[in-house]
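Examination of the molecular architecture
What follows is the residue order along each chain.
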Amino acid sequence: MIPHLVAELGYLVASACFIIGLKRLGSPATAPAGNRLSAWGMLLAVVVTLLAGGVVSWTGIIAGIVLGGGLGLWMARAVQMTAMPQMVALFNGFGGAASVLVAGAEFLKAELAGEALPASTGITIQLSILIGAVTFTGSLVAWAKLQEVLTGRPITFPLQKVLNAALLLGVIGLGAYQVATPDAFLGPFYAVLAAALLLGVLLVIPIGGADMPVVIALLTSFSGIAAAMTGFVIDNHVLIIAGALVGSSGIILTRIMCKAMNRSLGNVLFGAFGAAGPSAGGAAVEGLTVRSVSLEDAAVQLAYARSVIVVPGYGLAVAQAQHAVRELAELIEKNGGEVRYAIHPVAGRMPGHMNVLLAEANVPYDRLYDMDAVNDQFEQADVALVIGANDVVNPAARSDPSSPIYGMPILDVDKARSVIVMKRSMNPGFAGIENALFYHPRTAMLFGDAKGSLTGLIGEIKGL
Amino acid sequence: MGEGIVIGIVIFTLATFLGFELIQRVPPTLHTPLMSGSNAISGITVVGALVVAGGGFGWISTVFGVGAVAFAMMNVVGGYAVTDRMLRMFKKDGGER
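Everything quoted here is computed from the prediction, not taken from an experiment.

With respect to the domain arrangement of chain A
Residues and elements named next belong to chain A. As assigned here, chain A comprises domain 1 (1-78), domain 2 (85-270) and domain 3 (283-463). The C-alpha centroid of domain 2 is placed 23 Å from the C-alpha centroid of domain 1. Counting residues at the interface gives eight residues for domain 1 and nine residues for domain 2. Taken together, the two surfaces of domain 1 and domain 2 that pack against each other cover about 760 Å², and 81% of this comes from carbon and sulfur.

Observations regarding the sheet that holds strand 1 (residues 307-312) of chain A
All names here are of chain A. With parallel pairing, six strands are arranged side by side in an open sheet as 3-2-1-4-5-6. The outermost strands of the open sheet, each flanked by one partner alone, are strand 3 (368-370) and strand 6 (443-447). Ignoring which end each strand starts from, the neighbouring axes of this sheet average 25° apart. Examined bridge by bridge, strand 1 and strand 4 (residues 383-387) share five bridges and lie parallel to one another. Paired with Val-310 across the bridge in strand 4 is Leu-385. Contacts between helix 13 (residues 322-334) and the sheet are confined to strand 1, strand 2 (338-343) and strand 4, with strand 2 contributing the most and set at about 145° to the helix. Of the strands in this sheet, strand 1, strand 2 and strand 3 touch helix 14 (residues 353-360), which is tilted by about 145° from strand 2.

Concerning the interface of chain A and chain B
Residue-level contacts link 102 residues of chain A with 79 residues of chain B. Both sides together, the interface formed by chain A and chain B hides about 7900 Å², and carbon and sulfur atoms give 77% of it. Residue Arg-36 of chain A is joined to Asp-84 of chain B by a salt bridge in which the shortest nitrogen-to-oxygen separation is 3.7 Å. For the pair chain A and chain B, the number of links is 17 residue pairs in polar contact (both at pLDDT 80 or more). When residues of the side of chain A that touches chain B are assigned to their parent elements, the largest contribution, 18 residues, is made by helix 4 (residues 84-112) of chain A. Residue composition of the side of chain A that touches chain B, grouped by class: 64 nonpolar, 28 polar and 10 charged.

Topic: the pairing of strand 6 of chain A
Residue and element names in this part refer to chain A. Where burial is concerned, most of strand 6 is hidden: four out of the five residues are buried. Relative to strand 6, strand 5 (residues 419-423) is paired through five bridges, and the arrangement is parallel. Bridging across to strand 6, Lys-423 finds its partner in Phe-447.

Topic: the packing of aromatic side chains
This structure, assessed with the given rule, holds six aromatic pairs over all chains. Residues Phe-136 of chain A and Phe-71 of chain B carry aromatic rings whose centres are separated by 6.0 Å and whose planes lie at 65° to one another, so their mutual orientation is edge-to-face. Linking Phe-136 of chain A in helix 5 (residues 119-146) with Phe-71 of chain B in helix 4 (residues 59-87), this pair reaches from one chain into another. Ring plane angle 75° and centroid distance 5.0 Å describe the contact between Phe-189 of chain A and Tyr-190 of chain A, whose orientation is recorded as edge-to-face. A residue is classified by how much of its surface remains accessible, and Phe-189 of chain A, at 2% relative accessible area, is buried. Overall, the relative accessible area of 41% leaves Tyr-190 of chain A in the partly exposed class. Of the aromatic side chains, those joined through ring pairs into one cluster are Phe-91, Phe-94 and Phe-136 of chain A together with Phe-71 of chain B. Lying across the ring of Phe-57 of chain B, Lys-109 of chain A places its NZ or CZ 3.9 Å from the centre.

About the criteria used
Residues numbered from 1 in each chain as written. Chains lettered and ligands numbered in written order. Predicted model: local features only at pLDDT ≥ 70, side-chain atom pairs only at ≥ 80, totals over all residues. Heavy atoms only, no water. Domains from an automatic or database assignment. Contact = heavy atoms within 4.5 Å. Buried area = accessible area lost by both parts, 1.4 Å probe. Pairing = 2+ DSSP bridges. Helix = DSSP H or I, 4+ residues; strand = E, 2+ residues; numbered from the N terminus. Axes fitted to C-alpha atoms, helices over the stretch in contact; angles between N-to-C directions. Salt bridge = Lys/Arg side-chain N within 4 Å of Asp/Glu carboxyl O. Polar contact = N/O pair within 3.5 Å; in protein donor to acceptor, adjacent residues only side chain to side chain. Nonpolar A, V, L, I, M, F, W, Y, C, P; charged D, E, K, R; others polar. Buried < 20%, exposed > 50% of the residue type's maximum accessible area, 1.4 Å probe, protein only. Phe/Tyr/Trp six-rings, centres within 6.5 Å; stacked < 30°, edge-to-face > 60°. Lys NZ or Arg CZ within 6 Å of the ring centre and 35° of its normal.

So, in structure tokens, the structure goes:
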């Protein structure tokens, strides 16, 4: 058993580890060490807690650690990089569930003992349960949508927002009642829990699959805030600090993703984007023709290009063609060309997802450029090679106020000296919007499966 | 209680500002590891869960606590392990990190 003061200092060191760990995430070179430091901080916090004297029975603890740790390790090893969004969604949910259970246990302990909790503790318990429960079920729905267990289309019904508002008001009312009246009547407690769990489901089901990156980032933030609230409940500062750090990280990522889609958070959460199905705009491209290019000609063009910018979209990952694109890039470089990758913030299924997918295929991270860093480079590029990307390269976002994506920041691919677009067919993409880039005089379409086309290009260039 | 909650709010507010400063400096290329790493850090709830699970406060608390320990440990172990796995993939040109 260690004195209270030593335990507090231990928690302070753990908090410092989290903070320095996040700071080291500022560069890919220092990030692995930063992550390990953060993990040491967590281990320290656990050891300090076990030694601080509150623990009298070990069986449950050991069972929980073995079960949770084992499952977590298995998931971390087994998960495919394309499935990272689902995994983060699940972990957000688990964080929320842990907060609900800790706060719930604290509440039941006091109620059953007939203890009157201070109002501040009562309020933070109710907040932990509300935020944690919404995070839990909301994350499970997000997971189901990403995993395609549930439809990616928004699920809406009449009076949905009214019902949500009524549920939220009910939770607040019952929560306030419980804070005000410390009796051993547990009806309101379970009612709050059930209503908050239902609210989590109802808040996420009307949001379309394409908006899930924003939702997961927001739920990350919620899971952090729930942890911080639990910190208030058990009066532990390391929970408050760690929870606040996670909360702010989720908020920043939410903001970045909203900006990248030119949508407000309110529009993402309540707009049911994509509910109406494919709609707008074939008119602008009528009468225009598409120029297609053969594998041989595209190969020659790429082989002799001095500067190539690859624009990967999620279609690349779906076709499992990341390794092929890296191989093609190495061939172009061998011929004296320079290859860079332009990554739109929503290129993958979550913030930074495409970067991880390319890193997995051994693409060096210093070749990956964000939208802002690369957009003025397209004018000097001999070839922009678009693979499985569509809306993020649609010039209508810049020029056509009637387009549903007008105003969304895009990669200025159409400014390159020539553009090769790899695409299966002329079917419009997820948002169902025609893309003027495909009809651009400098654009050539290379039809076919991304992986097949890339393998073909590699063979052609090798044969030159 | 009054003073405890005020100190808590002060810490929460300062940590939030610190979080904004730190996380704005994380480059977009590391945003996915940042999210999975955040999952791991939010597993800090394990600290509260351990006391609930092993504190001997009756069977309801123990059940809730063991569940909370398991959930939080999935985040901690899974979050750090998958973040490490991803970060190891990021290589600079020429193969070194």
